Amino acid sequence: VGRIADATRDELRELDGIGAKTLAQIVQALHAFEARAETPETPEALDAFWDVATRPLTDEQRTVLERLFGFSGPSEGQSEIAAALGTHQPHISIQKQHGLRCLDRRVLDPLIDHLESALVSAGGVLRFNEAAARLLDRFPTPEDFGVGGLLRLVAELEPARMRRYNLLDEEPTEVLVRPNIREE
């Protein structure tokens with residue numbers, strides 16, 4: 001593709017089988033390739049990442065995800081959310097699955113990469129407050145945004161890169177951990 005993209009019109013016409021119609025098709029294909037390769041501007045704050053990633057979701061799906069993962073308070077169970085929304089738990093489960101499937105995950109890639117890098121540099125384990133601080137250092141965000149909810153969501157989306165566990169020490173806390181990968 002690179003050699004074709006760099007070639008001049010005359011160089012392409014010198015190739016056997018390249019006429020005006022084929023040349024036009026090549027140019028159209030290169031323009032389409034360029035359009036697909038363009039990426040939207042990366043948001044600068046965590047809440048902006050979340051807003052962009054959730055654009056494909058319905059309001060109900062977004063609400064379910066935010067309450068399940070604890071974006072604006074403690075995580076809630078599906079039954080609690082169902083009762084609050086006047087529906088049934090299976091409906092909440094379906095909305096969660098559809099919401100996770102419809103999220104624009106590529107928007108979250110810079111956050112996930114940054115978290116994974118922080119986990120590696122910390123030896124593979126980070127308490128939630130430490131992981132949140134690392135994210136907030138890189139992506140300043142309004143105080144009312146639920147960074148813990150975002151961490152829980154990312155851990156669910158990327159179990160091969162990080163996992164979330166509850167520690168039951170003197171003071172219970174959540175941690176992010178790099179999964180152990182063994183070659184066999």
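A short tour of the structure in this document, coming up. (Residues numbered from 1 in each chain as written. Predicted model: local features only at pLDDT ≥ 70, side-chain atom pairs only at ≥ 80, totals over all residues. Heavy atoms only, no water.)

## A look at the sheet that holds strand E3 (residues 173-177)
Put simply, the rule reads: Two strands form a pair only when DSSP identifies at least two bridges running between them. The secondary structure listing takes helices from DSSP runs of H or I that are at least 4 residues long and strands from runs of E that are at least 2 residues long, numbered from the N terminus. Angles run from 0 to 180 degrees between N-to-C directions of axes, and those axes are lines fitted to C-alpha atoms, restricted for helices to the stretch in contact. Whether two residues are in contact is decided by their heavy atoms: any pair within 4.5 Å suffices.
Pairing in this open sheet of three strands is antiparallel, and the strands run E1-E3-E2 from one edge to the other. A strand with exactly one partner marks an edge of an open sheet, and here the two such strands are strand E1 (125-127) and strand E2 (163-167). Taken over all neighbouring pairs, the strand axes of this sheet differ in orientation by 30° on average, direction set aside. Bridge count for E1 against E3 is three bridges, and the pairing is antiparallel. Residue arginine 127 lies in a different strand from E3, and its bridge partner there is valine 175. Packed on one face of the sheet, helix H9 (residues 128-138) meets E1, E2 and E3 and runs near 90° to E1.

## Quick notes on the packing of aromatic side chains
Put simply, the rule reads: Each pair of aromatic rings taken from Phe, Tyr and Trp, with Trp reduced to its six-membered ring, is defined by centres within 6.5 Å and is described as stacked if the planes are under 30 degrees apart, edge-to-face if over 60, and tilted in the remaining cases. The cut-offs for exposure are 20% and 50% of the maximum accessible area for each residue type, with area from a 1.4 Å probe on protein chains only; residues under the lower value are buried, those over the upper are exposed, and the others partly exposed.
In this structure the tally under the stated criterion is three aromatic pairs. With 5.8 Å between their ring centres and 75° between their planes, phenylalanine 71 and phenylalanine 145 make a pair best called edge-to-face. Remark: phenylalanine 145 occurs in the loop between H9 and helix H10 (147-157) and phenylalanine 71 occurs in the loop between helix H5 (59-69) and helix H6 (78-85); sequence separation between them is 74 residues. Exposure class is identical for phenylalanine 71 and phenylalanine 145. Each is buried. Here the aromatic cluster, defined as three or more aromatic residues joined through ring pairs, consists of Trp50, Phe71 and Phe145.

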